[in-house]
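# Commentary on secondary and tertiary structure
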Amino acid sequence: NSERDTVVTILTKARNRAANNFNESRQGIYIDSTGYTIFQGSSYALRNPTYDELIKRDNSVTPSGLQEIVFEQLTGSLTTLEGDVILSNNVKSINISLNSEGRINW
């Protein structure tokens, strides 16, 4: 549950930054084997790395599903596909769902 709370907080932070037009740019998160990166730009590949914020993940939890999530500036809606971030360990899995409007459900 603590890893879920971390991911929800990160998603909310990126969405709020986008909705508030932080640096007049889209905001997103990228999930990889080392953790979660909050980034600024239209995609992780085209981001401005100066603004990257890396949050380490719990190594006992394996993320799957959406890997890159980008929120549109001013609206906070998704510019990427809607779907789920799935957090799993040997005991259970938790889904965090995102819809096209940027709503985060867990």
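Here is a short report on the structure shown in this document. (Residues numbered from 1 in each chain as written. Predicted model: local features only at pLDDT ≥ 70, side-chain atom pairs only at ≥ 80, totals over all residues. Heavy atoms only, no water.)

### Let's talk about the pattern of salt bridges
When charged atoms on two side chains of opposite charge get close, those side chains can pair. Keep this limit in mind: The working definition used for a salt bridge is a side-chain nitrogen of Lys or Arg within 4 Å of a carboxyl oxygen of Asp or Glu. Only DSSP runs of H or I covering at least 4 residues are called helices, and only runs of E covering at least 2 are called strands; the numbering of each starts at the N terminus. Residue exposure (1.4 Å probe, protein chains only): buried if accessible area is under 20% of the type maximum, exposed if over 50%, otherwise partly exposed.
One pass over the structure, following the stated rule, counts five salt bridges. The salt bridge partner of Glu-53 is Lys-13, with a shortest N-O separation of 2.8 Å. Here Glu-53 is found in strand β3 (residues 53-56), whereas its partner Lys-13 is found in helix α1 (residues 2-19), with 40 residues between them in sequence. The partly exposed category is assigned to Lys-13, whose relative accessible area is 33%. Here Arg-26 makes a salt bridge to Glu-72, at a shortest N to O gap of 2.9 Å. Residue Arg-26 is found in the loop between α1 and β1 (27-31), and its partner Glu-72 is found in the loop between β5 (68-71) and β6 (83-88); the two are separated by 46 residues along the sequence. Judged by relative accessible area, which is 27%, Arg-26 ranks as partly exposed. Sharing partners across several salt bridges, the network here consists of Lys-13, Arg-17 and Glu-53.

### Concerning the pairing of β1
The condition that has to hold: Two strands form a pair only when DSSP identifies at least two bridges running between them.
Counting buried residues in β1 gives five out of five residues, a clear majority hidden from the surface. Where burial is concerned, the two faces of β1 agree: the one with Gln-27, Ile-29 and Ile-31 and the one with Gly-28 and Tyr-30 are both buried. Relative to strand β2 (residues 35-40), β1 is paired through five bridges, and the arrangement is antiparallel. Bridge assignment links Gln-27 to a residue of β2, and that residue is Gln-40. Linkage of β1 to β2, two consecutive antiparallel strands, is achieved through a turn of three residues. As judged from the four bridges shared by β1 and β5, these two strands associate in the antiparallel manner. Of the residues in β5, the one forming a bridge with Gln-27 is Phe-71.

### Points about the environment of Ser-77
Defined as follows: We call two residues contacting when some pair of their heavy atoms lies within 4.5 Å. Polar contacts, as counted here, are pairs of nitrogen or oxygen atoms within 3.5 Å of one another; within protein the pair requires one atom able to donate a hydrogen and one able to accept it, and residues that are adjacent in sequence qualify only if both atoms are side-chain atoms.
Following the sequence through the fold, Ser-77 ends up in the loop between β5 and β6. C-alpha of Ser-77 to C-alpha of Ile-104: the two residues are 27 residues apart in sequence and 11 Å apart in space. Dropping the residues within four chain positions of it, Ser-77 is found in contact with Val-70, Phe-71, Glu-72, Ser-100, Glu-101 and Gly-102. At 2.9 Å, the side chain of Ser-77 and the side chain of Thr-75 are in polar contact.

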